[in-house]
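An overview of the molecular structure
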Amino acid sequence: MLEPLRAMAQEVDQRWSKVARVKEALPDIAAETWEMAAISFDPEALIRAAIEEVQWAPQHQEHLRYGQPALTVFCSRDLLVEVYLWEGAGGGIHDHPFTGIFCILEGIALHDIYDFEPQIPLDDHMNLGLLKRQTLEVLRPGSLRRFGAPIPLIHRILHVKDPGASMVVRTREGRITPQYNRFSLGGLREPTERTAQVSHIKAQLLRRLAQRNPDSAMNCLAEYLDSADPGSVYDALLKLCSTPLRDELWPFLESLSYPNLPSLRKSLTGFEVEIALYNELQKAEKGLPKIIAACLSFARSPEETLRILSEVTESKVPAILVQDWLLEEIGLEATASTRVVVDAAWRAQSLSELYTLLADRGYQNMETLETKFAKIFELVHAIPMIGWYRGLGV
């Protein structure tokens, strides 16, 4: 399995060299060569071949955590080809400093693509701005996407059907990290490689102090805001959001008239949402429960959830899948009645909207059931995957 992939990579390298290795030419060359090679991917054959390899070529991702694992198939001065094996993995929203193609070899993945409009510079590299999602799609084996020059791809991918595998054919840019910038759902762009400046270390120390003595930490924060660069202030605020100081932060910053507070707060909330969603996905049971949780985490509306869930599972009744998942999460038995209520609770943004939806679905004398309905609404909306996008306005 390694040899056909290496032969394909060498063909790409040779064809690319004939056009002077112009970066913008690589995606089309790589896509055409891959399609002409018509390689039937056999993951077990690849794994056995890699295990039996007597002398390994240098592994580009050797010291990184991208792929489970990553296998370097081909590496020349300007070109890199890697295969990544996955098990329920994915990253945050990011872009890349390189150009090429990626394709799904095994499994199913959710993939969303974004545009970013910078608005407020925090330092030379960090910006607050508007992150707009352009599309959400389901990728299957054979799905191939071009990326890079002239416009970097800002995207996120999550492998939802295990096991999974993907391949990248790309330029080498003199950097080994697979990510260049990461983006918050709330609208922040920051580099993934940041030097351990003194102010950045102080941000970490502030969090430690807040866990021990919140009052002392708040006093130190006031002094810290006067001396730290904006990027490190952001780091500090993000870290303090997970401490007992969380509820006091924003009134305190407002009292100081700290600049760009609405944008900062939206961005930090975006990161908190991402962390909560990621943690819940890590806890989700493999198989259908994880697929449903992933679809809820990526979608921006109930209708979009049902669309992509139907694509992933090929189910004609995705709403019932979500309803039963929700009932399992909140500990209620799945019946025709509870499905109706939990479905309305999921779709509604408020209790009044819930009551309206239930009335439209034939419920009578709801006054006697309002307490029960309100409790179900509360339980459903306590699940991080439900309605996460509403507060962010994304």
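Structural data are supplied above this passage.
For the protein, the helix and strand inventory stands at 15 helices and 9 strands. Residue pairs at least 24 apart in sequence account for 69% of intrachain contacts in the protein once pairs closer than 6 positions are excluded. If you sum the accessible surface of the protein, you get close to 19,200 Å²; carbon and sulfur atoms cover 51% of it. Put simply, the protein has 41 plus and 53 minus side-chain charges, and the middle of one group is 1 Å from the middle of the other.

Right, let's get into the nonpolar core. Formed by 56 residues in total, the largest nonpolar core has its most connected members in Leu110, Leu326, Leu354 and Val380. A per-element tally of this core places helix H9 (residues 288–298) first, with 7 residues. Beyond its immediate stretch of four places on either side in the chain, Leu354 contacts Val341, Ala344, Ala345, Ala348, Phe373 and Phe377.

Before going further, it helps to examine the packing of helix H11 (residues 318–330) against helix H12 (residues 336–347). At their nearest, the axes of H11 and H12 sit 9 Å apart, and the two run at 90 degrees to each other. Between H11 and H12, the interaxial angle falls into the category roughly perpendicular. Here Ile320, Val322, Gln323, Asp324, Leu326, Leu327 and Ile330 of H11 come into contact with H12, specifically with Thr338, Arg339, Val342, Asp343 and Trp346. Looking at side-chain class alone, the contact of H11 with H12 contains 7 nonpolar, 2 polar and 3 charged residues.

What follows is about the pattern of salt bridges. Opposite charge on two side chains permits them to pair, given that their charged atoms come into close proximity. Tallying each qualifying case throughout the model produces 20 salt bridges. A salt bridge links Glu3 to Arg6; the shortest N-O distance between them is 3.0 Å. Within this pair, Glu3 and its partner Arg6 are both found in helix H1 (residues 2–17), separated by 3 residues, close to a single helical turn. Under the relative-accessibility criterion, Glu3 is labelled exposed at 51%. The exposure class of Arg6 is buried, given its relative accessible area of 16%. With a closest N to O distance of 2.4 Å, Glu190 and Arg182 form a salt bridge.

Our next topic: the pairing of strand S2 (residues 79–86). Of all 8 residues in S2, 8 are buried, a share of seventy percent or more. Across the two faces of S2 the burial is the same, with Leu79, Val81, Val83 and Leu85 and Leu80, Glu82, Tyr84 and Trp86 all buried. Bridge analysis of strand S1 (residues 70–75) against S2 gives 5 bridges, and the strand direction is antiparallel. The residue bridging Phe74 from the neighbouring strand is Val81, located in S2.

For the rest of this paragraph, the subject is the environment of Glu314. Positionally, Glu314 belongs in the loop between helix H10 (302–313) and H11. What Glu314 contacts, discounting residues up to four positions off in sequence, is Arg140 and Leu309.

Glancing now at unusual backbone geometry. Despite not being glycine, Arg21 shows a phi value in the positive range, around 50 degrees. Summarising the element assignment, Arg21 is placed in the loop between H1 and helix H2 (26–37). A relative accessible area of 24% means that Arg21 is categorised as partly exposed. Backbone geometry at Glu314 places phi at a positive 60 degrees, although glycine is not the residue there.

Counting through the fold element by element, Glu173 comes out in the loop between strand S7 (154–171) and strand S8 (181–183). Given the relative accessible area of 29%, Glu173 is considered partly exposed. Here the alpha-carbon distance between Glu173 and Leu80, two residues 93 residues apart in the chain, equals 9.9 Å. Here Glu173 is in contact with Lys23, Pro97, Phe98 and Thr99, once residues within four sequence places are set aside.

Another point: the environment of Val233. Here Val233 lies in helix H6 (residues 230–240). For Val233, a relative accessible area of 1% gives the class buried. Residues Val233 and Asn260 lie 27 residues apart in sequence; the distance between their C-alpha atoms is 12 Å. Filtering out sequence-adjacent residues up to four positions away, Val233 remains in contact with Tyr224, Leu225, Ala228 and Tyr258.

A separate point is the state of the cysteines. With the rule as written, the count across this model stands at 0 disulfides. The thiol of Cys75 is not disulfide-bonded; the next cysteine sulfur, from Cys103, is found 18 Å away. Cysteine Cys220 shares no disulfide, and the gap to the nearest cysteine sulfur, in Cys241, comes to 18 Å.

Conventions adopted
Residues numbered from 1 in each chain as written. Predicted model: local features only at pLDDT ≥ 70, side-chain atom pairs only at ≥ 80, totals over all residues. Heavy atoms only, no water. Helix = DSSP H or I, 4+ residues; strand = E, 2+ residues; numbered from the N terminus. Contact = heavy atoms within 4.5 Å. Areas by Shrake-Rupley, 256 points an atom, 1.4 Å probe, with all protein chains shown as cover. Lys, Arg positive; Asp, Glu negative; His and termini not counted. Charge placed at Lys NZ, Arg CZ, Asp CG, Glu CD. Core = buried A, V, L, I, M, F, W, Y, C linked by side-chain atoms within 4.5 Å. Buried < 20%, exposed > 50% of the residue type's maximum accessible area, 1.4 Å probe, protein only. Axes fitted to C-alpha atoms, helices over the stretch in contact; angles between N-to-C directions. Parallel < 35°, antiparallel > 145°, perpendicular 65-115°, else oblique. Nonpolar A, V, L, I, M, F, W, Y, C, P; charged D, E, K, R; others polar. Salt bridge = Lys/Arg side-chain N within 4 Å of Asp/Glu carboxyl O. Pairing = 2+ DSSP bridges. Disulfide = S-S within 2.5 Å.

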